[in-house]
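A closer look at the structure
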Amino acid sequence: KGGEPCLGAYAIHAGYGAVDVLHGIDIEVRPGEAVALLGANGAGKSTLMRILSGLMAPRSGHLRLEGTQIGAQDSRARVRQGLVLVPEGRQVFPELSVHDNLRLGGYTRRENAAARMSAILERFPPLATMLDRQAGLLSGGEQQMLAIGRALMAQPRLLLLDEPSLGLSPQMTSDLFEQLRQLRDEGMAIMIVDQMADLALNLSSRAYVLRGGHVAAAGASAQIAADDSLDNLYFGG
Ligand code: ATP
């Protein structure tokens, strides 16, 4: 503990047009820590992820990445500083090859790109056998691997993942979480939104539960997992 958080978001208010979605969110991710962001549909999880990654501007609030104010920076500048989002729905470039998808993930960092790509192909061996295939032809699990591999090409220190298990089989989901555990053990900070709350809580050391655009609960993941009121936080009034 102590020291500067990796990422901090403070008093974040956000919405779409006339609709307010986030009503003063405070969250922190410490260096090397995995954090789960839970909450029912519509609680505002994806909105917060968009704000953290720079895809959307909050109405007010502060964002700090390793001590630097990043609120005014676009997502590309944030990627360059080590904050990388794997968006909901993966969003690989379907017409491009696996190889080109990976290459584009590294465009903010040209140096050592070849070495980074080989490291990623070692991490995800199936990708190495399909480098020339169109990304749109891969299975859901393979596309998720590719989306994470593409994000890793930017050498993140903090990886944001929005619903990575969506549409994956139980086996692919368990492989995915094994990969995330490995990244966490290597010291990468992770913030994950996932409907598989038990898996996200198991991966993370701390968790935030959003409800109605507020942080309804925050604490050690084991404690949140054991909390009888988790169901209430999800589904209650
Ligand atoms: P889910 O698990 O369903 O994705 P979530 O917790 O990620 O839910 P958000 O996607 O952040 O929630 O949505 C929060 C609220 O903002 C919802 O009421 C949603 O309808 C609304 N919303 C999300 N995106 C937009 C948008 N582009 N335009 C207008 N309203 C939006």
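Look a little higher up for the structure.
Residues numbered from 1 in each chain as written. Predicted model: local features only at pLDDT ≥ 70, side-chain atom pairs only at ≥ 80, totals over all residues. Heavy atoms only, no water.

1. So, the overall build of the protein
A count of helices and strands for the protein gives ten helices and ten strands. For a compact globule of 237 residues, the expected C-alpha radius of gyration is about 18 Å, and the protein comes in at 17 Å, within 12% of that figure. Summarising its shape, the C-alpha atoms of the protein cover approximately 50 × 40 × 40 Å along the three principal directions. Taken across its 237 residues, the protein has 49% of its residues classed as buried. Within the protein, contacts between residues at least 6 apart in sequence are counted, and of these 67% link residues at least 24 apart. Surface summary for the protein: the accessible area is close to 10,900 Å², and the carbon and sulfur share equals 50%. Computing the positive centroid from 22 side-chain charges and the negative centroid from 25, the protein places the two 6 Å apart. (Helix = DSSP H or I, 4+ residues; strand = E, 2+ residues; numbered from the N terminus. Rg over C-alpha atoms; globule rule 2.2 N^0.38 Å. Buried < 20%, exposed > 50% of the residue type's maximum accessible area, 1.4 Å probe, protein only. Contact = heavy atoms within 4.5 Å. Areas by Shrake-Rupley, 256 points an atom, 1.4 Å probe, with all protein chains shown as cover. Lys, Arg positive; Asp, Glu negative; His and termini not counted. Charge placed at Lys NZ, Arg CZ, Asp CG, Glu CD.)

2. A few points about the side chain of R90
Following the sequence through the fold, R90 ends up in the loop between β6 (83-86) and α3 (98-105). This buried residue, R90, is left without a salt bridge; D194 holds the nearest opposite charge, at 8.1 Å. A distance of 3.5 Å separates a polar atom in the side chain of R90 from the backbone oxygen of P164. Once residues within four sequence positions are removed from consideration, R90 is found in contact with G140, Q143, Q144, A147, R150, P164, L166, G167 and L168. (Salt bridge = Lys/Arg side-chain N within 4 Å of Asp/Glu carboxyl O. Polar contact = N/O pair within 3.5 Å; in protein donor to acceptor, adjacent residues only side chain to side chain.)

3. Observations regarding the site of the ligand
Around the ligand, a shell composed of Y16, V21, A40, N41, G42, A43, G44, K45, S46, T47, R50 and E163 is seen. Here a nitrogen atom of the ligand sits 3.4 Å away from a polar atom, N or O, in the side chain of Y16. In isolation the ligand offers 630 Å² of accessible surface; the protein chains occlude 59% of this area. The leading source of residues in the shell around the ligand is helix α1 (residues 45-53), at four residues. Residue composition of the shell around the ligand, grouped by class: four nonpolar, five polar and three charged. (Near = heavy atom within 4 Å. Nonpolar A, V, L, I, M, F, W, Y, C, P; charged D, E, K, R; others polar.)

4. Focus on the sheet that holds strand β7 (residues 158-162)
Pairing in this open sheet of six strands is mixed, and the strands run β6-β7-β8-β3-β9-β10 from one edge to the other. Only two strands of the sheet have a single partner each, and these edge strands are β6 and β10 (214-220). Here the average twist between neighbouring strands, direction ignored, is 15 degrees. Relative to β10, strand β9 (residues 206-211) runs antiparallel, the two being bridged by six bridges. From the neighbouring strand, Y208 faces β10, where its bridge partner is A218. α1 contacts β3 (34-39), β6, β7, β8 (189-193) and β9 of the sheet and is inclined by roughly 150 degrees relative to β7. (Pairing = 2+ DSSP bridges. Axes fitted to C-alpha atoms, helices over the stretch in contact; angles between N-to-C directions.)

5. Side note on the packing of α3 against helix α6 (residues 140-152)
Between α3 and α6, the shortest axis-to-axis distance is 7 Å and the interhelical angle comes to 35 degrees. When you trace α3 past α6, the crossing you get is right-handed. The segment α3 lies against α6, with V98, N101, L102 and G105 engaging L146, G149 and R150. Taken together, the residues of the contact of α3 with α6 break down into three nonpolar, three polar and one charged. (Left-handed = near helix turned anticlockwise from the far one by under 90°.)

6. Considering the layout of surface pockets
Empty pockets left among the atoms are what a rolling probe the size of a water molecule brings to light. The volume enclosed by the largest pocket comes to roughly 490 Å³. Around the largest pocket sit 20 residues that line it, and V79, V84, L85, P87 and R150 are the ones nearest its centre. Residue assignment for the lining of the largest pocket shows that the elements contributing at least two residues are α2 (75-80), β6, α3 and α6. Looking at which element gives the most residues to the lining of the largest pocket, the answer is β6, with four residues. (1 Å grid on protein atoms, 1.4 Å probe; cavity = no way out; pocket = protein on both sides within 12 Å on 5 of 7 lines; lining within 4 Å. Points joined across faces, edges and corners; volume = space filled by probe spheres on them.)

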